[in-house]
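What follows is the residue order along each chain.
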Amino acid sequence: MKKFLYTCLLIGIIQSSFGNSGIYAGGPVYKNRNYAISELKGSGYTCLVVWTIHIDASGNLNFNAEFPLVQNGTYIGGAAYPNFASDIASLKTAPTTINRLEFCLSAWGSSTFANIRNLINAQGTGPTSILYRNFQVIKNTFPTVDAIGFDDESTYDVNSATAFAVMLGGLGFKVSLVPYTAASFWTGVATNTNNQRPGTVDRIDLQCYAGGAGNNPCNWNFGSIPVYAGLWDQEKTTSQVQSQLTTWKNNCGIDGGFMWLYDDFDNTTGTEAYAAAINNAFSGGSGTTAATFYKDCNYGGSAVGLPAGSYTLSSLQTRGIVNDDISSLTVQSGYRVTLYWDDNFGGATLVKTASDACLVDDGWNDKVSSLVISTVAAAITARASITPETTVSSIPGQQEIKLFLGPVADNGPVRIYDVMGRPVMTVRLVTNRININALPPGVYILIYSQNGRQITRKFVK
């Protein structure tokens, strides 16, 4: 029971830190599982869309034309990727920021929705139809998948798409629509589906990149269904993503944003940086100074205040911050600063959730070349005035954790979890240092009690 409570606490703290941010991810999810699963879980995105399933003329399902998934009512994907089903299940297991999982269907040039139309015309959508049987297998094999995304880019048949969506709703799936053109088709599917099975279509991922680059969410109307605007990393920097989404949020009332495509920047700091850009756009703090950075220790010398956002070296320089010239910082309650040793969010990282009068103790004096400012969990924010927040050293290759500022644990255990939510170490603090030499390199979550309240911190070994 105690483990369950820690897990629930961890889910709540991590997920409440982030806004409505999504990411589409293809082959790396199963090809590069050695890092992709943990990276996505700790990225800051709240919605992960695993892209994309194609359906052939017989109703068989395959992923990206790379491996067969379901054939004739039987799951066969494990033959090619034995860990695929368990990896998908783990994506929503604490600690993680992901609270919604989707499988997407089709893509540009795919005959998937033409095949769906033909199969429904021939067999319908009842329990004996191949579409029903194959997606029942998906539901049974991947119970943590919440929704099926529709990326129809050519067929645009309202009747069959509606019938298919209603069938999926009956199987327990939600349906996301992923339009870039043909607005009347998409609004027709949304309206007709929800008239027959209310609440089935619950999300619109509007493509505002590539062929949909000219799209403005203000010109699309799906009534009360939330609209999320998608952008592409090859067309937008992190600062441009944050700026564009903030504009659309203010002008069109969009509910969130998503990035296309994880495959472009997987296994880099770009994964977290783009998530931060989206989350910052919807955090409500884009115009407020969240942190102030000082040239000298003890908050001396020139000072520059910044709102939440992602800042490369060039963006810092335009605001008056010189490369490798930060010695102290103040952090407003409710915000988290991630410092990067190199430009473009590269190299070693150091996380601060409270002010630090001198970075010398961390070995970070005059070392910062880029940074990300984001919100922290509301649960921590509400209690921030009780005592100074504890920060934890987070430097790749470190052999011990150093806890700074707030008091150490109240004689209680300090528990460390890996990114899969598995406990890997339990110790009792004697000093403000914990030896982690036995842990393999990776990202970890530390949980302990401080003045009667739970403290959660992320660090890198």
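Since this is a predicted model, take the numbers as computed values, not measurements.

(A) Region of interest: the state of the cysteines. Summed over the entire model, instances satisfying the criterion amount to 2 disulfides. Two residues share a disulfide in this structure: Cys-218 and Cys-252, whose sulfurs sit 1.8 Å from each other. The sign of the S-S torsion, about -75°, decides the handedness of the disulfide formed by Cys-218 and Cys-252: left-handed. Placement of the pair is Cys-218 in the loop between β9 (201–207) and β10 (227–232) and Cys-252 in helix α9 (residues 238–252), with a sequence separation of 34 residues. Since its relative accessible area comes to 39%, Cys-218 is described here as partly exposed. Overall, Cys-252 belongs to the partly exposed group, its relative accessible area being 23%. Across the disulfide from Cys-297 sits Cys-358; the S-S distance is 2.1 Å.

(B) Examining the pattern of salt bridges more closely. Inspection of every chain in the model, using the stated rule, returns 11 salt bridges. Its salt-bridge partner being Asp-202, residue Arg-100 comes within 2.9 Å of it at the nearest N-O pair. Here Arg-100 is found in strand β6 (residues 100–105), whereas its partner Asp-202 is found in strand β9, with 102 residues between them in sequence. In the salt-bridge network here, residues are joined through shared partners; they are Arg-100, Glu-102, Asp-202, Arg-203 and Asp-205.

(C) View of unusual backbone geometry. In this structure, the amide linkage connecting Trp-51 to the following residue, Thr-52, adopts the cis form with an omega of 0°. The topology assignment puts Thr-52 in strand β2 (residues 47–55). One non-glycine residue with positive phi stands out, namely Ala-65, at about 55°. Positioned with a positive phi, Ser-106 is a non-glycine residue whose angle comes to about 75°. Topologically, Ser-106 is positioned in the loop between β6 and α5 (112–123).

(D) Spatial organisation of the pairing of β10. For β10, the buried fraction is high: 5 of the 6 residues fall into the buried class. Examined bridge by bridge, β9 and β10 share 4 bridges and lie parallel to one another. Note on β10: the bridge partner recorded for Gln-207 is Gly-230. Direction of pairing for β10 relative to strand β11 (residues 256–260): parallel, over a ladder of 5 bridges. If you follow Trp-232 over to β11, its bridge partner there is Trp-260.

Calculation notes
Throughout this description, residue numbers start from 1 for each chain and increase along the sequence as written. With the structure being a predicted model, the display of local features is reserved for residues of pLDDT at least 70 and the display and counting of side-chain atom pairs for 80 or more, all residues being used for whole-chain, interface and lining totals. Here the side-chain values reflect all heavy atoms present in the structure, with hydrogen atoms and water set aside. Our working definition of a disulfide is a cysteine sulfur pair at a distance within 2.5 Å. Runs of E in the DSSP output that reach at least two residues are strands. Runs of H or I that reach at least four are helices, and both are numbered from the N terminus. Per-residue accessibility, obtained with a 1.4 Å probe over protein chains only, is compared with the maximum for each type, and a residue is labelled buried under 20%, exposed over 50%, and partly exposed between these values. By definition, a salt bridge exists where a carboxyl oxygen of Asp or Glu is found within 4 Å of a side-chain nitrogen of Lys or Arg. Pairing between strands is defined by DSSP: at least two bridges between the two strands are required.

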